[in-house]
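An overview of the molecular structure
What follows is the residue order along each chain.
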Amino acid sequence: LNIIADLHTHTIACTHAYSTITENCACAYENGMKAIAMTDHAPSMPDAPHIWHFNNLHILPRKIKGVTVLRGIEADILPGKEALDVDGELLSTLDWVVASIHSPLFIPSDSNAVTNAYLRICENRYVDVIGHPTTLKFRFDMVKCIKRFKEYGKMIELNESSISAGRSTAEICRELLLLCKKYEVPVVVNTDAHFCELVGRFDLCREILDSVSFPEELVFNSEWDKVRQHIINKHGDIGI
Ligand SMILES: [Zn+2]
Ligand SMILES: [Zn+2]
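The structure reproduced in this document is the subject of the present report. (Residues numbered from 1 in each chain as written. Chains lettered and ligands numbered in written order. Predicted model: local features only at pLDDT ≥ 70, side-chain atom pairs only at ≥ 80, totals over all residues. Heavy atoms only, no water.)

**A word on a negative patch on the surface**
- On the surface, Glu184, Glu216, Glu217, Glu223 and Asp225 cluster together into a negatively charged patch.
- For glutamate 217, the location among the structural elements is in the loop between helix H8 (203–211) and helix H9 (224–235).
- Owing to a relative accessible area of 61%, glutamate 217 belongs among the exposed residues under this scheme. (Patch = residues over 30% accessible without salt bridge, like charges linked within 9 Å, V, L, I, M, F, W, Y side chains within 5 Å. Areas by Shrake-Rupley, 256 points an atom, 1.4 Å probe, with all protein chains shown as cover. Salt bridge = Lys/Arg side-chain N within 4 Å of Asp/Glu carboxyl O. Lys, Arg positive; Asp, Glu negative; His and termini not counted. Charge placed at Lys NZ, Arg CZ, Asp CG, Glu CD. Helix = DSSP H or I, 4+ residues; strand = E, 2+ residues; numbered from the N terminus. Buried < 20%, exposed > 50% of the residue type's maximum accessible area, 1.4 Å probe, protein only.)

Structure, rendered in C-alpha cells:
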C-alpha cells in the first residue's frame, strides 16, 4: 500500500507535541511523504495554540525540506448545537480540516450523543475528514454515520497514534474499515504524530488494512493526484 501524505500531524504549537514543522517535514521526506498536513488543535483544547497560529499559517512556504505543507487544523466536534468549535471564517482560510471528538470538551451522555454529533458535523462544508472515530470512549452507531459520511462526502480516518496509545483497538478499526469497504467511503491513513520521527510511519495501520484486504483505491492518501484534486476542488487553487 502506497501512502504519499500524512494528513494529521502536530507541532510544538501544541504543548504536548515535541517537534517543529521543519523537523516534521525533514522526517516526512525521509519516510517517503510527498506532503503533510499541519493540524494543530483548535483553540478550545487546553494545550492548543492561540487563534493567531492559524491566522498566520499563510507565511509558511508551500514546501519545506522538499515536502508540501498543507495548512490545516484539528477542530473539535462539540456535543451541543454548535457542532464545531471553529467558525467558517477561519476554516475557509485553511487547506485541510480534521474534525475530532476529544476529552475534555466532549462528555458524552451515551452513544446517541456521539452519533448525533457525527451526523450533525456532516453539514459543515469545510470538514474533510473525521479524526480517529475509533476512540473507545466515544462509540457510536457506525452504520448510520458511515452512510451519512458517504452522502456528505466526508472521509474517515485510520489513526496510527490512537492504536499505538491504546485509545482504540485493532478490532474496532477493522469493524470500521469493513463498513467503509462495504459502503465505499474513502479512508485517510494518518499518524497523528506528536514527534517528528513518527511522521509518515503507519506500521499498525498497514497491518490492520492488510488484515481486512482493504482496497487501495479507497485509501484517499495513496495517490498525490487524488489528494491534490480534492484540495483544489474543495479549498481552492492553493498553488500545490
Ligand atoms: Zn485528536
Ligand atoms: Zn491530533
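**Focus: the coordination of the zinc ion (ligand 2)**
- Taken together, the protein ligands of the zinc ion (ligand 2) are His8 (NE2), His10 (NE2), Glu74 (OE) and Asp192 (OD), with distances of 2.0 to 2.2 Å.
- If you look at the zinc ion (ligand 2), its four donor atoms make angles of 79 to 166° with each other, and the shape they trace is irregular.
- Along the chain, the residues that donate to the zinc ion (ligand 2) are spaced as H-x1-H-x63-E-x117-D.
- Judged by relative accessible area, which is 3%, aspartate 192 ranks as buried. (Donors = N, O, S within 2.8 Å, 3.2 Å for Na, K, Ca; no water. Tetrahedral: all angles 85-135°; square planar, octahedral: opposite > 155°, others 65-115°.)

**Observations regarding the pattern of salt bridges**
- Tallied over the entire structure, the rule returns three salt bridges.
- A salt bridge links arginine 62 to aspartate 95, with the shortest nitrogen-to-oxygen separation between them at 2.9 Å. Here arginine 62 is found in the loop between helix H2 (51–55) and strand S3 (63–64), whereas its partner aspartate 95 is found in the loop between helix H3 (88–91) and strand S5 (96–100), with 33 residues between them in sequence.
- The salt bridge partner of arginine 139 is glutamate 175, with a shortest N-O separation of 3.8 Å. Of this pair, arginine 139 sits in the loop between strand S6 (129–130) and helix H5 (142–152) while glutamate 175 sits in helix H7 (residues 170–183); the two residues are 36 residues apart in sequence, bridging distant segments of the chain.
- When its relative accessible area of 30% is taken as the criterion, arginine 139 is described as partly exposed.
- When its relative accessible area of 41% is taken as the criterion, glutamate 175 is described as partly exposed.

**Quick notes on the nonpolar core**
- In terms of nonpolar packing, the biggest core is built from 64 residues, with Ile73, Tyr118 and Phe214 touching the most fellow members.
- Grouped together as the second largest cluster of nonpolar side chains are 17 residues, Ala5, Ala37, Trp96 and Ile238 included. (Core = buried A, V, L, I, M, F, W, Y, C linked by side-chain atoms within 4.5 Å.)

**Some details on the packing of aromatic side chains**
- In total, this model carries four aromatic pairs according to the counting rule given.
- Centre to centre, the rings of tryptophan 96 and phenylalanine 220 are 5.8 Å apart; their planes meet at 5°, and the pair counts as stacked. Here tryptophan 96 is found in strand S5, whereas its partner phenylalanine 220 is found in the loop between H8 and H9, with 124 residues between them in sequence.
- Among the residues examined, phenylalanine 220 registers a relative accessible area of 6% and is labelled buried.
- Note on tyrosine 118 and phenylalanine 149: the rings are 5.9 Å apart at their centroids and 80° apart in plane angle, and the pair reads as edge-to-face. Here tyrosine 118, found in helix H4 (residues 111–121), pairs with phenylalanine 149, found in helix H5; they are 31 residues apart in sequence, far enough to count as distant.
- Taking relative accessible area as the criterion, phenylalanine 149 reaches 0% and is therefore assigned buried.
- A connected cluster of aromatic rings, assembled from ring pairs, spans Tyr118, Phe140 and Phe149. (Phe/Tyr/Trp six-rings, centres within 6.5 Å; stacked < 30°, edge-to-face > 60°.)

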